[in-house]
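One letter stands for each residue in the lines below.
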Amino acid sequence: AGAAGAAGEAELHVLLLLAKAERNAALRSKAEAALRSLARFAKLGPRQTLVLHLLSDAPSRPVGKAVLRDALRSAQFQHKVVFHDVDVVAEKLLPLVEAMQKLFSAGAGTYYGDSLFFLSLAMHRVLPKEISRIIQVDLDVEYRTNIRELFEEFDNFPEGAVIGIVHEMQPVYRHLFWQYRQEHPGTKVGEPPPDGLPGFNSGVLLLNLEAMRHSELYNRLLEPGAAQRLADQFHFRGHLGDQDFFTLVGMAHPELFHVLDCTWNRQLCSWWREHGYRDVFDHYFRCDGHVRIYHGNCNTPIPQE
Ligand code: UDP
Ligand code: MN
């Protein structure tokens, strides 16, 4: 790290996932908007390089390449792109996340391509030791600020925290934890901010890989059976991949997470407003301040500047 902190490091690592993109024009245009806005606002130090890690299946890679070339064409900062082979990563990943896939996937199977949606939680075991931090961001986002500022947040992690993450902005976990909430009146589980535990959204993730590697507690939670025990304790089943895991773990061990300001992942999806939660929706959805990253989740359009 050094005196300059995380944002002063020579290489700033960002991870992007692009899968099943070859016949998905909508996904492609979202990725274009995401990467163009990233490039437009990015400003780095004179000796800094933005390292973009693109993880994609073989048919999606040319799409990713074209989108990146277009977005970086007039970039005013040093950058490089590292392509990761989905088969290599998935092979390493599957044994680590198989149990989580069973608990937190929509389908019944453990299709290995889907293990990618659980990559973040075992990233510290997939990437080389030389990479100590990485920021993973969805491609249905738009930047309204310099991504370098997000790296500064690594310096605000309290002792014991391994991941920086923003709250989920819909009452989806209020819904999914209904049984636990019924059996534990007054619980903070599923309650809105500022005092509750609304769960997390994985659209923007600060992964302190070094801390993830060193945390005994975090690695214990990845062992076979651990997630299952938590899921039983909280009567929890999910379908949202890694963010279900982080949400569930966060209910039992909030100290593992550094909660980022909502403006770093201003989610826009409002599906749950119309599906039984109109009365409490705004307690979750509210986010004051200048938005730094918009997240057009569930295909929600992002407002123009
Ligand atoms: N993604 C992808 N191909 C897909 C679906 C998802 O590459 O077919 C990646 C993409 O980076 C996307 C992320 O996975 O941003 C999470 O999915 P999405 O943003 O659609 O989920 P949401 O935020 O709406 O829950
Ligand atoms: Mn998204």
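The structure we're discussing is the one just above.
First things first, this report covers the structure right here in the doc. Keep in mind that what you see is a predicted model, and the values were worked out from it rather than measured.

### Overview of the overall build of the protein
For step 1, the next point in the chain: Scanning the protein from N- to C-terminus turns up 12 helices and 10 strands.
For step 2, the next point in the chain: The C-alpha radius of gyration computed for the protein amounts to 19 Å, which stays within 12% of the reference 19 Å derived for 305 residues, consistent with globular compactness.
For step 3, the next point in the chain: Dimensions along the principal axes, computed over C-alpha positions, put the protein at roughly 55 × 45 × 40 Å.
For step 4, the next point in the chain: Across the 305 residues in the protein, those meeting the buried criterion constitute 56%.
For step 5, the next point in the chain: Considering only residue pairs separated by 6 or more positions, the protein has 81% of its internal contacts joining residues 24 or more positions apart.
For step 6, the next point in the chain: As displayed, the protein has an accessible area near 14,100 Å², and 50% of this comes from carbon and sulfur atoms.
For step 7, the next point in the chain: Both charge centroids of the protein, one from 32 positive and one from 37 negative side chains, sit 5 Å from each other.

### Description of the pattern of salt bridges
For step 1, the next point in the chain: For the structure on display, the rule yields 14 salt bridges.
For step 2, the next point in the chain: Notably, a salt bridge pairs Asp70 with Arg36, separated by 2.8 Å at the nearest N-O pair. With Asp70 in helix H2 (residues 61-72) and Arg36 in helix H1 (residues 25-41), the pair connects residues that are 34 residues apart, well separated along the chain.
For step 3, the next point in the chain: Among the ionic pairs, Arg40 bridges to Glu305, the shortest N-O distance being 2.5 Å. Here Arg40, found in helix H1, pairs with Glu305, found in the segment after strand S10 (293-295); they are 265 residues apart in sequence, far enough to count as distant.

### Quick look at the layout of surface pockets
For step 1, the next point in the chain: If you add up the space inside the largest pocket, you get close to 1,300 Å³.
For step 2, the next point in the chain: Classifying every residue of the lining of the largest pocket gives 22 nonpolar, 15 polar and 7 charged.
For step 3, the next point in the chain: Its volume calculated, the second largest pocket comes out at about 200 Å³.
For step 4, the next point in the chain: Lining the second largest pocket are 14 residues, and of these His167, Pro193, Cys262, Arg286 and Cys287 lie nearest its centre.
For step 5, the next point in the chain: Of all the elements in the fold, those that place two or more residues in the lining of the second largest pocket are strand S6 (163-167) and helix H12 (278-285).
For step 6, the next point in the chain: Here the residues of the lining of the second largest pocket are counted per class, giving 8 nonpolar, 2 polar and 4 charged.

### Brief notes about empty space enclosed by the protein
For step 1, the next point in the chain: Applying the stated criterion across every chain yields a total of 1 cavity of 30 Å³ or more.
For step 2, the next point in the chain: Looking at the largest cavity, its volume works out to about 40 Å³.
For step 3, the next point in the chain: Around the largest cavity, the lining residues are Ala6, Glu9, Glu11, Leu12, His13, Ser132, Arg133 and Phe151.
For step 4, the next point in the chain: By residue number, the principal contributor to the lining of the largest cavity is strand S1 (residues 11-18), which donates 3 residues.
For step 5, the next point in the chain: Considered class by class, the residues forming the lining of the largest cavity number 3 nonpolar, 2 polar and 3 charged.

### Overview of the coordination of the manganese ion (ligand 2)
For step 1, the next point in the chain: Coordination sphere of the manganese ion (ligand 2), protein contribution only: Asp138 (OD), Asp140 (OD), Asp140 (OD) and His295 (NE2), at 2.1 to 2.4 Å.
For step 2, the next point in the chain: One can describe the donor arrangement at the manganese ion (ligand 2) as irregular, given that its 6 donor atoms subtend angles of 57 to 172° at the metal.
For step 3, the next point in the chain: Every donor residue of the manganese ion (ligand 2) comes from the same chain, spaced as D-x1-D-x154-H. With Asp140 in the loop between strand S4 (134-137) and strand S5 (141-143) and His295 in strand S10, the pair connects residues that are 155 residues apart, well separated along the chain. Exposure class is identical for Asp140 and His295. Each is buried.

### Observations regarding the sheet that holds strand S3 (residues 78-85)
For step 1, the next point in the chain: Pairing is mixed across the open sheet formed by 7 strands, whose spatial order is S3-S2-S1-S4-S7-S6-S8. Edge positions in the sheet fall to S3 and strand S8 (257-259), since each of these pairs with one other strand and no more. For this sheet, the mean angle separating the axes of adjacent strands, direction not counted, is 30°.
For step 2, the next point in the chain: Sheet topology note: the S6/S8 ladder contains 3 bridges and is parallel. Looking at S8, one finds that Ile163 is bridged to Phe257.
For step 3, the next point in the chain: Against the sheet, H2 engages S1, strand S2 (49-56) and S3, with an angle of about 175° to S3.

Basis of the calculations
- Residues numbered from 1 in each chain as written.
- Chains lettered and ligands numbered in written order.
- Predicted model: local features only at pLDDT ≥ 70, side-chain atom pairs only at ≥ 80, totals over all residues.
- Heavy atoms only, no water.
- Helix = DSSP H or I, 4+ residues; strand = E, 2+ residues; numbered from the N terminus.
- Rg over C-alpha atoms; globule rule 2.2 N^0.38 Å.
- Buried < 20%, exposed > 50% of the residue type's maximum accessible area, 1.4 Å probe, protein only.
- Contact = heavy atoms within 4.5 Å.
- Areas by Shrake-Rupley, 256 points an atom, 1.4 Å probe, with all protein chains shown as cover.
- Lys, Arg positive; Asp, Glu negative; His and termini not counted.
- Charge placed at Lys NZ, Arg CZ, Asp CG, Glu CD.
- Salt bridge = Lys/Arg side-chain N within 4 Å of Asp/Glu carboxyl O.
- 1 Å grid on protein atoms, 1.4 Å probe; cavity = no way out; pocket = protein on both sides within 12 Å on 5 of 7 lines; lining within 4 Å.
- Points joined across faces, edges and corners; volume = space filled by probe spheres on them.
- Nonpolar A, V, L, I, M, F, W, Y, C, P; charged D, E, K, R; others polar.
- Donors = N, O, S within 2.8 Å, 3.2 Å for Na, K, Ca; no water.
- Tetrahedral: all angles 85-135°; square planar, octahedral: opposite > 155°, others 65-115°.
- Pairing = 2+ DSSP bridges.
- Axes fitted to C-alpha atoms, helices over the stretch in contact; angles between N-to-C directions.

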